[in-house]
Amino acid sequence: MNQTTERREAVQVSVDVVLLTLVEQQLHAVLLRRAAAPFAGVWALPGGFIHTAEDADTKASAARVLQTKVGIEGAYLEQLATFSGPARDPRGWSVAVAYCALLPAQSLPPQRDDLCVVPVSALPQLPFDHRAILDAALARVRSKSLYSSLPVHLCGETFTLPQLQLVYEIVLDEPLNKVSFRRKMDEMDWLEAVPGALRGGAHRPAQLYRIKPSFRQELALSPRGL
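Residues numbered from 1 in each chain as written. Predicted model: local features only at pLDDT ≥ 70, side-chain atom pairs only at ≥ 80, totals over all residues. Heavy atoms only, no water.

Novice: Help me understand unusual backbone geometry in this model?
Specialist: Peptide bonds are mostly trans, and most non-glycine residues show a negative phi. Of note, the bond from alanine 37 into proline 38 is cis; its omega dihedral lies within 30 degrees of zero at 0°. Looking at where proline 38 falls in the secondary structure, it is placed in the loop between strand 2 (26-33) and strand 3 (43-44). Although it is not a glycine, glutamine 25 sits at a positive phi angle of roughly 60°. Summarising the element assignment, glutamine 25 is placed in the loop between strand 1 (12-23) and strand 2. (Helix = DSSP H or I, 4+ residues; strand = E, 2+ residues; numbered from the N terminus.)

As structure tokens, then:
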């Protein structure tokens, strides 16, 4: 009887992170210049191999990548999807667990030669399958923004309701009714007024709000869209 021995090759397992922020009222993505082959010198998503000795899970791997390679901590982070196959990496069959991260622009690291913040409408050509990963992240963020508090993670620590509505409108790329928007925010019950904090403007001062502590790494959800 003939026996066939299955050839087993090591599979590369990594994480890739789509880090999104708002700059000048446009969604931007953070890219890093690759230091090593393949694609040395090319702009790419932050990513890296899983460190089995120190990473508790893939989310810990993604958080470590953001800390060590980008220089940030505390970004909102959620798993996006798994990308795999023999063609996505010239080094061989690979699996990448992709994450989406959101961060206010004021929390970005200082400018560096190996880091750039690029409008998602003007991205350079990306290596591997990073463009597919980024497109999936944009679709996820826009979809979840219709029924959750996700866009608030692009805001600073405090904000007015008009500022928050503008962030939603930028992400969704459409205007929102002011009355309906505020009703939806009240229904989700995830904001709290900052006592005694007002922001001045051309008209009467506006109340400042912040995320309730229980929602700082979790999302408030609504059964109905905006």
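Additional details are given in the paragraphs that follow.
Novice: When you look at the packing of aromatic side chains in this model, what are you seeing that I'm missing?
Specialist: For any pair of aromatic rings, geometry is given as the distance between the ring centres together with the angle between the planes. Inspection of every chain in the model, using the stated rule, returns 2 aromatic pairs. Where phenylalanine 39 meets phenylalanine 128, the ring centres are 4.9 Å apart and the plane angle is 80°; that geometry is what we call edge-to-face. Residue phenylalanine 39 is located in the loop between strand 2 and strand 3, and its partner phenylalanine 128 is located in the loop between strand 7 (115-119) and helix 2 (130-145); the two are separated by 89 residues in the primary sequence. Both rings, one in tyrosine 168 and one in phenylalanine 181, keep their centres 5.2 Å apart while their planes meet at 70°; by these two values the pair is edge-to-face. Within this pair, whereas tyrosine 168 is found in helix 3 (residues 161-172), its partner phenylalanine 181 is found in helix 4 (residues 178-188), the two being separated by 13 residues in sequence. Each member of the pair, tyrosine 168 as well as phenylalanine 181, is classed as buried. (Phe/Tyr/Trp six-rings, centres within 6.5 Å; stacked < 30°, edge-to-face > 60°. Buried < 20%, exposed > 50% of the residue type's maximum accessible area, 1.4 Å probe, protein only.)

Novice: What should I look at first to understand the pattern of salt bridges in this one?
Specialist: A pair can form between side chains of opposite charge whenever their charged atoms are brought close. Under the definition given, this model contains 12 salt bridges. Here arginine 91 and aspartate 89 are joined by a salt bridge, their closest N and O atoms 2.8 Å apart. Residue arginine 91 is classed as partly exposed on the basis of its relative accessible area of 42%. (Salt bridge = Lys/Arg side-chain N within 4 Å of Asp/Glu carboxyl O.)

Novice: Help me out: how do you make sense of the packing of helix 3 against helix 4 in this one?
Specialist: A pair of packed helices can be characterised by two numbers: the angle between their axes and the separation between those axes. Running from N to C, helix 3 and helix 4 cross one another at 100°; their axes reach a closest spacing of 11 Å. As the angle between them shows, helix 3 and helix 4 are arranged roughly perpendicular. Residues Leu161, Pro162, Leu164, Gln165 and Tyr168 of helix 3 touch helix 4, and the partners they reach there are Lys178, Phe181, Arg182, Met185 and Met188. Of the residues assigned to the contact of helix 3 with helix 4, the class counts are 7 nonpolar, 1 polar and 2 charged. (Axes fitted to C-alpha atoms, helices over the stretch in contact; angles between N-to-C directions. Parallel < 35°, antiparallel > 145°, perpendicular 65-115°, else oblique. Contact = heavy atoms within 4.5 Å. Nonpolar A, V, L, I, M, F, W, Y, C, P; charged D, E, K, R; others polar.)

Novice: Would you explain the environment of leucine 146 in this entry?
Specialist: With respect to the helices and strands, the residue leucine 146 is situated in the loop between helix 2 and helix 3. With a relative accessible area of 36%, leucine 146 lands in the partly exposed category. Leucine 146 sits 78 residues away from arginine 224 along the chain, and the two C-alpha atoms are 8.3 Å apart. Setting aside residues no more than four positions away along its own chain, leucine 146 makes contact with Leu172, Arg224, Gly225 and Leu226.

Novice: Got a minute to help me understand the pairing of strand 1 in this structure?
Specialist: Across the 12 residues that make up strand 1, a large majority, 10, are buried. Bridge count between strand 1 and strand 6 (residues 94-102): 9 bridges; the pairing is parallel. Bridge pairing in strand 6 places valine 18 opposite cysteine 100. Where strand 1 meets strand 4 (residues 47-49), 3 bridges bridge the pair, whose relative direction is antiparallel. In the sheet register, aspartate 16 faces strand 4, and the bridge partner there is glycine 47. Inspection of the sheet shows strand 1 paired to strand 2 by 4 bridges, in the antiparallel sense. Bridge pairing in strand 2 links threonine 21 to histidine 28. The antiparallel hairpin formed by strand 1 and strand 2 contains 2 residues in its connecting segment, where glutamate 24 sits at a positive phi of about 50°. (Pairing = 2+ DSSP bridges.)

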